[in-house]
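# Chain and residue survey
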Amino acid sequence: MLAQRISLLSGSGTAAAREAAQEAAAAGRQIIDLAAGEVITEPPSSVREGAIAAIKAGTNRYTDSIGLSPLRAAVAEKLSAETGVGWNTEDIAITAGAKQGLLDAALAVLDPGDEVIIIRPCWPTFPSQVVLAGARPVFVDACPPTYIPDIGTIRAAVAPRTKAIIVNSPNNPTGAVYDRTILQAIGDLAINYKLWIISDECYSSFVFTGSRHESIVMAHPGVRSRTILVNAFSKELAITGWRLGYFAAPREIISAAKKLQTHTTSNANVIAQHAILHHLRVADGRFERQLHQRLSAARNAGLRILAGLQGVSPPAADGTFFFYLDLSRLVSALPAGFPIRSTDDIARLLLNEAGVGSVAGSTFGDVNGLRLSFGAPPDLLESGLKRVVETLTSLKTRTAAA
Ligand code: PLP
């Protein structure tokens, strides 16, 4: 008999979508995978060289549980340059991806019965980790077309047991990038109600409209003492499988993570730590610029194709590498008794008929959405999106014939 907590965890909808696409491909079908939460490209040569050098040097020992001190220092320097807020080595913990940083944060600040405000649609790991920590997720819906939450609705969700709010900008899945106004309002609210802010900024390098990504600690410097700023190299350097992330936080949280990681993973993989340290020392930012350019071009090309959709507003895709379609009008126009009733059915149809992997919004707590990644290789992206447009357009003819 398994522990109760396992039944409280949702499966990973994004992983399930990826596995469905892989199964179909393994069965010999030509599948274009627009479900993956990663950019399909090779990692920078500096990262690979750093890993090879560490292996050749025979590197094999445990590190401090929160990472090599020079790496923590290099991350502090990077984060200081990016945010304009000064960070020191002691403010940084190295983690096995952002996921571990987020779990550390949840385990460090939440007691059983606490509540955590999560803005929905949301990446499904947020509520699952809150549940793992024995606390309760309280959802606040952010609505299309902007998917920027309303501060009044967030305030209405605050209750005596509210301990934290999770902010994820640029946002997975919606691609929303929170501006200074909403970040400052969330910051004020956190100060007024003494809440922790867990700020997941994993997609900070991928903003395509307006100005650069703004961290909540830049928008509202007053929240620094109550913010756990989580980030990772996973997406920025296209090394999701290497498992290297970090967070910046008040010292008490760093000490808590040191204990937590000692008793869980010991330390993030030592070779990956050396690889990133080498990258941070020698790289000139060219890889990051080229990746941004590629994604920006993919976004523009994709938006041109998606403009062909009828009854579906073009997605904003201000940040991340996801197009998030609001299919509410399309779904509500489907007649009763028609076999396709939901965005889950649409995702299945796209996979089975069009050979395109996508992620239905139900994965993110939103019955109306559909997420398509533009991190796929550009030629595949183009044909994949064309098939999506054709398939969604064909629904109209099919319902008329039904
Ligand atoms: N946070 C968000 C919002 C994500 O979308 C993901 C991965 O998809 C992660 C964190 C996990 O990042 P990592 O692979 O660095 O653990």
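A quick note: this is a predicted structure, and the numbers were derived from the prediction, not measured. (Residues numbered from 1 in each chain as written. Predicted model: local features only at pLDDT ≥ 70, side-chain atom pairs only at ≥ 80, totals over all residues. Heavy atoms only, no water.)

### With respect to the sheet that holds strand β12 (residues 369–373)
An order of β9-β12-β11 is seen for the 3 strands of this open sheet, with the pairing classed as antiparallel. Sheet topology places β9 (322–326) and β11 (359–360) at the edges, where each strand pairs with a single neighbour. Sheet analysis places β11 next to β12, joined by 2 bridges and oriented antiparallel. For A360, the partnering residue across the bridge sits in β12 and is L370. (Pairing = 2+ DSSP bridges. Helix = DSSP H or I, 4+ residues; strand = E, 2+ residues; numbered from the N terminus.)

### Notes on empty space enclosed by the protein
Applying the stated criterion across every chain, the model contains 2 cavities of 30 Å³ or more. In this structure, the largest cavity is lined by L102, A106, L110, V116, F126, Q129, V130, I166 and I198. Of all the secondary-structure elements, those providing two or more residues to the lining of the largest cavity are α5 (97–109) and α6 (125–132). In terms of residues, the lining of the largest cavity owes the most to one element, α6, which gives 3 residues. Here the residues of the lining of the largest cavity are counted per class, giving 8 nonpolar, 1 polar and no charged. Of the pockets and cavities examined, the second largest cavity occupies roughly 40 Å³. Elements with a minimum of two residues in the lining of the second largest cavity: β3 (115–120) and β5 (162–168). Of the residues in the lining of the second largest cavity, the class split is 7 nonpolar, 2 polar and no charged. (1 Å grid on protein atoms, 1.4 Å probe; cavity = no way out; pocket = protein on both sides within 12 Å on 5 of 7 lines; lining within 4 Å. Points joined across faces, edges and corners; volume = space filled by probe spheres on them. Nonpolar A, V, L, I, M, F, W, Y, C, P; charged D, E, K, R; others polar.)

### So, the side chain of R72
Mapped onto the secondary structure, R72 falls in helix α4 (residues 69–83). Comment: no salt bridge for buried R72; closest opposite-charge side chain is D64, at 5.2 Å. (Buried < 20%, exposed > 50% of the residue type's maximum accessible area, 1.4 Å probe, protein only. Lys, Arg positive; Asp, Glu negative; His and termini not counted. Salt bridge = Lys/Arg side-chain N within 4 Å of Asp/Glu carboxyl O.)

### Observations regarding the sheet that holds strand β7 (residues 227–232)
Sheet architecture is open: 7 strands sit in the order β2-β8-β7-β6-β5-β3-β4, paired in mixed fashion. Each edge of the open sheet is held by one strand with a lone partner, namely β2 (92–95) and β4 (136–141). Averaged over all adjacent pairs, the angle separating strand axes in this sheet is 20°, with direction ignored. Most of the contacts of α4 go to β2, to which it runs at about 110°, and overall it touches β2, β7 and β8 (245–248). (Axes fitted to C-alpha atoms, helices over the stretch in contact; angles between N-to-C directions. Contact = heavy atoms within 4.5 Å.)

### Quick look at the state of the cysteines
The tally for this structure, following the rule as stated, stands at 0 disulfides. Here C122 is not cross-linked by a disulfide; its sulfur's nearest cysteine counterpart is in C143, at 14 Å. Judged by its relative accessible area of 4%, C122 is buried. Between C202, a free cysteine, and C122, which holds the nearest cysteine sulfur, the sulfur-to-sulfur gap is 14 Å. (Disulfide = S-S within 2.5 Å.)

### So, the packing of aromatic side chains
Evaluation of the coordinates by the stated rule reveals 10 aromatic pairs. Taken together, a centroid distance of 5.5 Å and an interplanar angle of 75° make the contact between Y147 and Y324 edge-to-face. With Y147 in the loop between β4 and α7 (151–157) and Y324 in strand β9, this residue pair connects regions lying 177 residues apart in the sequence. Joined through ring pairs, the aromatic side chains of Y203, F206, F321 and F322 make up one cluster. The ring of W87 carries R224 above its face, with NZ or CZ at 3.9 Å from the centroid. Taking the ring centre of F322 as reference, the NZ or CZ of R371 above it sits at 3.9 Å. (Phe/Tyr/Trp six-rings, centres within 6.5 Å; stacked < 30°, edge-to-face > 60°. Lys NZ or Arg CZ within 6 Å of the ring centre and 35° of its normal.)

### Topic: the site of the ligand
Around the ligand, the structure places 13 residues, and the nearest of them are N172, D200, S234, K235 and R243. One of the backbone nitrogen or oxygen atoms of K99 is found 2.9 Å away from an oxygen atom of the ligand. Within the complex, the protein chains bury 92% of what would otherwise be the 400 Å² of accessible surface of the ligand. By residue number, the principal contributor to the shell around the ligand is α5, which donates 3 residues. (Near = heavy atom within 4 Å. Polar contact = N/O pair within 3.5 Å; in protein donor to acceptor, adjacent residues only side chain to side chain. Areas by Shrake-Rupley, 256 points an atom, 1.4 Å probe, with all protein chains shown as cover.)

### Quick word on helix α8 (residues 180–192)
Over its 13 residues, α8 runs 18 Å from end to end, which matches the ideal 18 Å to within 8%, given 1.5 Å per residue. Every buried residue of α8 is listed here: I182, L183, I186, G187, L189 and A190. Buried residues in α8, looked at end-on, bunch into an arc of 165°, giving them a common side. Projecting away from the buried face of α8 at angles above 90 degrees are the exposed residues T181 and N192. Where α8 is buried, its residues touch α7, β5, β6 (196–200) and α9 (216–219). (Expected span 1.5 Å × (residues − 1). Arc of directions from axis to C-beta.)

### So, the pattern of salt bridges
In this structure the tally under the stated criterion is 15 salt bridges. Its salt-bridge partner being K78, residue E236 comes within 2.7 Å of it at the nearest N-O pair. Here K78 lies in helix α4 and E236 lies in the loop between β7 and β8, a separation of 158 residues in the sequence. The class for E236 is buried, based on a relative accessible area of 7%.

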